[in-house]
Protein chains: 2
Amino acid sequence: MLIVKKFGGTSVADAERIDAVADRCIEDYRKGHQIVVVLSAMGKTTDALLTRAQAINPNAPKREVDMLLATGEQTSVALMAMAMAAKGVPAISLNAFQVAMHTTSRYGDARFKRIDTERITNELDSGRIVIVTGFQGINRRDDVTTLGRGGSDTTAVALAAALRADACEIYTDVEGVYTADPRVVPGARKLKEITYDEMLELATLGAKVLHNRSVGLAKKYRVTLVVRSSMNRAEGTVVKEVCDVEGMLVSGVAVDKNAARIAVLGVKNEPGVAFRIFDELAKHGINVDVILQSIGRDETKDISFTVDQEQAKEAVKVLKENQQRLTIAEVKEEKNVAKLSIVGAGMQTNAGVAAKMFEALFDVGVNIRMIATSEIRITVLIDLEDVDIATRAVHDKFFHE
Amino acid sequence: MLIVKKFGGTSVADAERIDAVADRCIEDYRKGHQIVVVLSAMGKTTDALLTRAQAINPNAPKREVDMLLATGEQTSVALMAMAMAAKGVPAISLNAFQVAMHTTSRYGDARFKRIDTERITNELDSGRIVIVTGFQGINRRDDVTTLGRGGSDTTAVALAAALRADACEIYTDVEGVYTADPRVVPGARKLKEITYDEMLELATLGAKVLHNRSVGLAKKYRVTLVVRSSMNRAEGTVVKEVCDVEGMLVSGVAVDKNAARIAVLGVKNEPGVAFRIFDELAKHGINVDVILQSIGRDETKDISFTVDQEQAKEAVKVLKENQQRLTIAEVKEEKNVAKLSIVGAGMQTNAGVAAKMFEALFDVGVNIRMIATSEIRITVLIDLEDVDIATRAVHDKFFHE
């Protein structure tokens, strides 16, 4: 088998942990598998480098930021190759140039275009473990690019796709994908498997186990993902196209506390107004989520929506700058809200899932502020202070009744 | 003019110093010059990286050590480009891949083979300051190589040669090349100019201002070197092919405390014995310097020579392992010695220089243990404890009488 294994910054934070990861990879190598390891920068290296850049130039050119950040993963892979060599295993580190991981030109947020596999394949064929820098690429000018947050997961999936690997294992600090956050819901269970689509919804909704870009890429190229712990040997969760649903309506309950609610009040009640508002926000790169439009009475109506907290200030600014043109009477921002979602491929064929969720919330007296749904997800906006009790109630409703 | 400027690790040790170097480069850029900046890793970064490697694998593969070390210069150049950008000057950092600095394959001690100038020239032509990683290259496998100690100087000279630069300025913590170490000889003077050959002798002899590899390369490609201080605007010393000797017999007095003396006693007094001894040492990569052979009496003779202190142990080992074949009765090692040299293109045409040096040493009662000469240098081996008084005496003899 050809296995791509990805370890994040925490897993390679110091010499001891690098050593443990080396052991883990060598174990599979000794079983006769071909191993490609993708690493992030050690511990908080990336943040430390950004701080250094910030001290020199708060508006540093993004090209140079990427050039700087790329040193983080290069350090990890070189040290990992040394650790494996110390254990008598032939290993070689490769950076984005050496592999030739071609990306788009956009510094800090590049996308993979094409990955050459020749060098990696040659190294694997000559019996080496190949250790590749995550998070980085090169553009057509041979300049270093980085992929943005979650980039190392994306590198691993992209490599697995290019190499037609048998599996792509993402090692994290949790044992897999859970039906809810175990810190909040004591009865949360680890899922044996989950579909790409469900994982995508969970990732988007803040489950934080996998970045949704990497899940999307895995879905596109049918890469079998395995989410598992770097701390122990537990089996983890397999992410793939179709799962045995085992009669489960819902795969998980996800919480996103990073939401802000923006209320746009007294908008003229005529066609095209809502479009113009969301178009203006989109032009400024603001992602709008759950939307609620009041039924217009008289001549005006109200529109509410959520955005990520980091974008809330900008969203308000954009709306106020265009207040007159967009016929807005007032803009309000509210931060003490959270999104609670249930996700499940099973709900496509089952009515009554939403009702069951609302019932659970009603039972514990949690007020629903807004609702949004997709084919496999139902999201409600609730008060931030209700979030833990609501999560437990919804989870218990679907998993313990 | 096209000027290559090289700054060492001390000059870019922190954000403040990076800022000062940026100012210095921008000053010349604003005068209309094209500027290429070569940087070492910041401060003690290289040593810190080596320590980390050591902790993980005391016998780390050299390929991986180079991969690790190369991050040091990449960090420097990215931060420098940011510093210049903060001052409104377009600048771009390039690593060895991006320039295409081709070297031999030997990790840790690679030699330049070919440097592509296209990317640099394009960047210069579009009005940018180009900042290049010193010390590193790529080999034919696209693997990262490093050049060994003094490598950044070599990078600067090699780039200056490839780009046909008008000057290659090496910024150091001294103001230029002195007639002697100013810390030892208060009356030491800064030289306005010096020939490549003299500089080569001084570099080899431990003057430490420039690495002799870079001087050799400069001589080969007729690159005008300027050694100057990164701390002030003093003029520095120009190193070139021919200088106005201004009647100076001697350009400088150099001291090398890194010498060990090895005495090989009781060697058979017959032809070829000395050759076999030095041949064996050469095979083990041991560089032998000042050699003294006693006039053979009876059937045996004694041979003494100096080596760098790091090689002394290995030299003794090699000799003892071959003791019988090389007809050696006894091997002795002595570390409390130093080499004192005078260097000067002028001595080629002037008799009596050696006599003047010996007289100076005699005057202060310093015993000469061994002597070696080349066309433009005279070296004596003396006791380590005599070295300061001897240096002052010799310097004063040539520069203050």
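Parameters at a glance
Residues numbered from 1 in each chain as written. Chains lettered and ligands numbered in written order. Predicted model: local features only at pLDDT ≥ 70, side-chain atom pairs only at ≥ 80, totals over all residues. Heavy atoms only, no water. Helix = DSSP H or I, 4+ residues; strand = E, 2+ residues; numbered from the N terminus. Rg over C-alpha atoms; globule rule 2.2 N^0.38 Å. Buried < 20%, exposed > 50% of the residue type's maximum accessible area, 1.4 Å probe, protein only. Contact = heavy atoms within 4.5 Å. Disulfide = S-S within 2.5 Å. Least-squares fit on C-alpha atoms with pLDDT ≥ 70 in both. Pairing = 2+ DSSP bridges. Axes fitted to C-alpha atoms, helices over the stretch in contact; angles between N-to-C directions.

Thoughts on the overall build of chain A
Item 1. When helices and strands are counted, chain A shows 12 helices and 20 strands.
Item 2. For chain A, the C-alpha radius of gyration of 23 Å lies close to 21 Å, the compact-globule estimate for 401 residues.
Item 3. Across its three principal axes, chain A shows a C-alpha extent of roughly 75 × 55 × 30 Å.
Item 4. Here chain A holds 401 residues, and the buried ones make up 54% of them.
Item 5. Across chain A, the fraction of contacts at a sequence separation of at least 24, relative to all contacts at a separation of at least 6, is 74%.

Focus on the state of the cysteines
By definition, a disulfide links two cysteine residues through a covalent bond between their sulfur atoms.
Item 1. For the structure shown, the criterion picks out 0 disulfides over all chains.
Item 2. No disulfide involves Cys25(A); its sulfur sits 12 Å from that of Cys168(A), the nearest cysteine.

Looking at the relation of the copies chain A and chain B
Item 1. Superposing chain A onto chain B takes a rotation of 180° plus a shift of 0.1 Å along the axis, which leaves an RMSD of 0.2 Å. Considering both components of the superposition, the chain copies are consistent with a two-fold axis. Closest approach to the rotation axis within chain A is made by the C-alpha atom of Thr71(A), at a distance of 2.5 Å.
Item 2. A shared interface surface links the copies, since 100% of the contact residues of chain A are contact residues in chain B too.

Re the sheet that holds strand β11 (residues 225-229) of chain B
Residues and elements named next belong to chain B.
Item 1. Read across the open sheet, the 8 strands follow the order β3-β6-β2-β1-β9-β11-β12-β10; overall the sheet is mixed. Each edge of the open sheet is held by one strand with a lone partner, namely β3 (91-94) and β10 (193-195). Each neighbouring strand pair of the sheet contributes to a mean axis angle of 20°, computed without reference to strand direction.
Item 2. For β10 and strand β12 (residues 237-240), the ladder comprises 3 bridges, and the chain directions are parallel. Its bridge partner being in β12, Glu193 is matched across the sheet by Val238.
Item 3. Of the strands in this sheet, β1 (2-7), β2 (34-39), β6 (129-133), β9 (167-172) and β11 are in contact with helix α6 (residues 151-162), which crosses β2 at around 155°.

By themselves these figures say nothing about function.
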